[in-house]
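A look at the structure
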Amino acid sequence: MSDRNPPEEFGDINEAVGEEWEAETTPYERIRHVVAHTYSPVSADAVADDARTAPKTARKHLNTLADEGFVETTPGEQGGTLYRRSPESLVVEQAADILEHVSTDELVTRIQEMREQLTEYRSEFGVDSPEELAVNQTNQALTEAGSPQDEIDPETIREWKTLRRNLAFANAALSIGNAEQFVDTDQRSTDDSVPA
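Keep in mind that this is a model prediction, so the values were computed, not measured.

All right, on to the pattern of salt bridges then. Close approach of charged atoms allows side chains with opposite charge to pair. Applying the stated rule across the entire model yields eight salt bridges. Where arginine 59 meets aspartate 45, a salt bridge forms, and the shortest distance between an N and an O atom there is 3.3 Å. With a gap of 14 residues between them, arginine 59 in helix α4 (residues 55-67) and aspartate 45 in helix α3 (residues 44-51) connect regions that are remote in the sequence. With a relative accessible area of 36%, arginine 59 lands in the partly exposed category. Since its relative accessible area comes to 39%, aspartate 45 is described here as partly exposed. Between arginine 85 and glutamate 93 there is a salt bridge; the shortest N-O distance is 2.9 Å. Through salt bridges with shared partners, a single network forms among Glu15, Glu22 and Arg52.

Right under this line is the structure:
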């Protein structure tokens, strides 16, 4: 083994990558990237640190992103504004991704399959939601009325929640796809009615 230090060029790879990111992007792009992965409310100062920019610049761009609906704001405990990614923007992003990879016909089929699976869960467990199932299971365990064989696998509850979330994304994608189709059809009918 050697006592030699690594060459200086390898001293802080994170700093080098950060500097490269800063050189190749605008503050707006970095702030949008940081907040795209921010699901708990944080201050503009925290976003600024992660985005390698000034807090004043971060606030300006965060407010623009809030106006666009990408960011949600909440008042902080100390009176400042906290920022996080809006759930709606995540749904729109997921819907756009679905539309890029799945045809409308296939999407309709998948939605029907997911609805049928949800109906099966409701029928099998006699409740309307995975949360209700979890509460019933907890209550049953507290009263010790249930035997170990009556316990529901936590994976089943997770799968039910995931299925419900995926159905919501698929429905949003279908709605957006139908709206785009309506706009496209409306545009073509307008173009067709204009004499040449």
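Anyway, onward from the coordinates.
Turning next to the environment of valine 71. The topology assignment puts valine 71 in strand β2 (residues 71-75). For valine 71, a relative accessible area of 5% puts it in the buried group. Taking the C-alpha atoms as reference points, valine 71 and serine 89, separated by 18 residues in sequence, lie 7.9 Å from one another. The contacts of valine 71, once residues within four sequence positions are left out, are Val35, Leu62, Leu65, Ala66, Tyr83, Arg84 and Ser86.

About the criteria used
- Residues numbered from 1 in each chain as written.
- Predicted model: local features only at pLDDT ≥ 70, side-chain atom pairs only at ≥ 80, totals over all residues.
- Heavy atoms only, no water.
- Salt bridge = Lys/Arg side-chain N within 4 Å of Asp/Glu carboxyl O.
- Helix = DSSP H or I, 4+ residues; strand = E, 2+ residues; numbered from the N terminus.
- Buried < 20%, exposed > 50% of the residue type's maximum accessible area, 1.4 Å probe, protein only.
- Contact = heavy atoms within 4.5 Å.

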